[in-house]
Amino acid sequence: MIDKIHHIGIAVRSLDEALEFYRDTFGLHLHAQDTIEDQGVKAALLTIGQSEIELLEPTRPDSAVGRFLERKGEGLHHICFQTPDVDGELEALKQKGVELVDQHPRRGIAGMICFLHPKASKGVLVELATPID
Ligand code: CO
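Reading the values: the criteria
Residues numbered from 1 in each chain as written. Predicted model: local features only at pLDDT ≥ 70, side-chain atom pairs only at ≥ 80, totals over all residues. Heavy atoms only, no water. Helix = DSSP H or I, 4+ residues; strand = E, 2+ residues; numbered from the N terminus. Contact = heavy atoms within 4.5 Å. Donors = N, O, S within 2.8 Å, 3.2 Å for Na, K, Ca; no water. Tetrahedral: all angles 85-135°; square planar, octahedral: opposite > 155°, others 65-115°. Buried < 20%, exposed > 50% of the residue type's maximum accessible area, 1.4 Å probe, protein only. Salt bridge = Lys/Arg side-chain N within 4 Å of Asp/Glu carboxyl O. Phe/Tyr/Trp six-rings, centres within 6.5 Å; stacked < 30°, edge-to-face > 60°.

(A) Local environment of the environment of C80. Topologically, C80 is positioned in strand β5 (residues 75-82). Discounting chain neighbours no more than four positions away, the residues touching C80 are K4, I5, H6, H7, E127, L128 and A129.

(B) Spotlight on the coordination of the cobalt ion. Taken together, the protein donors to the cobalt ion comprise H7 (NE2), E54 (OE), H78 (NE2) and E127 (OE), at separations of 2.0 to 2.1 Å. Here the cobalt ion is ringed by four donor atoms whose angles at the metal span 86 to 170 degrees, and the overall shape comes out irregular. Mapping the donors of the cobalt ion onto the primary sequence yields the spacing H-x46-E-x23-H-x48-E. You can see E54 sitting in strand β4 (residues 51-58) and its partner H78 sitting in strand β5, a full 24 residues away along the chain. Summarising the burial analysis for this pair, E54 and H78 share the class buried.

(C) Local environment of the pattern of salt bridges. Inspection of every chain in the model, using the stated rule, returns seven salt bridges. The closest approach of N and O atoms between D24 and R23, which form a salt bridge, is 2.8 Å. When its relative accessible area of 32% is taken as the criterion, R23 is described as partly exposed. One salt bridge in this structure joins E91 and K94, with 3.7 Å as the shortest N-O distance. Taken together, the residues span about one helical turn, with E91 and K94 both in helix α3 (residues 86-95) at a distance of three residues. For K94, a relative accessible area of 27% gives the class partly exposed. The structure contains a network of salt bridges with shared partners spanning E37, R60 and D62.

(D) Main features of the packing of aromatic side chains. In this structure the tally under the stated criterion is three aromatic pairs. Measuring from centroid to centroid gives 6.2 Å for Y22 and F26, while their planes differ by 40 degrees, and the two rings are tilted. Given the relative accessible area of 19%, Y22 is considered buried. Among the aromatic side chains, those forming a connected cluster through ring pairs are F21, Y22 and F26.

As structure tokens, this is what we get:
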């Protein structure tokens, strides 16, 4: 079951500059900020109603977000659907033969997360997340 859009991920070259716009100019609340070293990414989550904006700055050029920036530049990176059961959802998608990036959920800034392959979802990178309190 998918509950809602948890967040929209945006790839940026500088988290500080992006925060100047999304937090300071727009006035969105900065809800969480973290560096996820194994993903090579510095991330910030800003609350927007029941959903969030996730800003992603690569910590190294060979990370997934670093390569994305090189190929496409800054902009929309992924959309994240919230589910109460990321394990069950991922298993069900596997059974249906959906192409995946992650075979198992892992820890991300939004909770336990996984990514589907963009080929599966018409060119849009889709993340699933079950938030952890
Ligand atoms: Co995300």
